[in-house]
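# A closer look at the structure
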Amino acid sequence: METRVLKLEECVNDARDRLARIETRLDQTATSADMHREMTDQTWRLVTFVCGFGSALVAVTYFMATHIK
């Protein structure tokens, strides 16, 4: 009976070590909220760039239409 208990204790120690490694990995991975925040930030950067670039193109077109004859 004691040998069986010793084997079970060894298995529990092994499982505890594996669980600690898994928890360490989980602390380093991104959560769904992190991914959502990053995608939102990237989307707004893209929208800002497109609006700025579009405004610049309109300004250049207006300049060309009014000053070049």
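For the coordinates displayed, the defined rule picks out two salt bridges. Of the charged contacts, one joins D14 and R18 as a salt bridge, the two residues approaching to 3.5 Å between their closest N and O atoms. Within this pair, D14 and its partner R18 are both found in helix α1 (residues 2–28), separated by four residues, close to a single helical turn. In this structure D14 comes out as partly exposed when scored by relative accessible area, which is 36%. In this structure, D34 engages R37 in a salt bridge whose closest nitrogen and oxygen atoms are separated by 3.1 Å. In this pair, D34 and R37 both sit in helix α2 (residues 32–67), three residues apart, roughly one turn of the helix. For R37, a relative accessible area of 46% puts it in the partly exposed group.

So, about the packing of aromatic side chains. Within the structure shown, the criterion is met by one aromatic pair. Considering the side-chain rings of F49 and F53, the 5.8 Å spacing of their centres and the 15 degrees angle between planes classify their relative orientation as stacked. Residue F49 and its partner F53 are both found in helix α2; the two are separated by four residues, about one turn of the helix.

The rules behind these values
Residues numbered from 1 in each chain as written. Predicted model: local features only at pLDDT ≥ 70, side-chain atom pairs only at ≥ 80, totals over all residues. Heavy atoms only, no water. Salt bridge = Lys/Arg side-chain N within 4 Å of Asp/Glu carboxyl O. Helix = DSSP H or I, 4+ residues; strand = E, 2+ residues; numbered from the N terminus. Buried < 20%, exposed > 50% of the residue type's maximum accessible area, 1.4 Å probe, protein only. Phe/Tyr/Trp six-rings, centres within 6.5 Å; stacked < 30°, edge-to-face > 60°.

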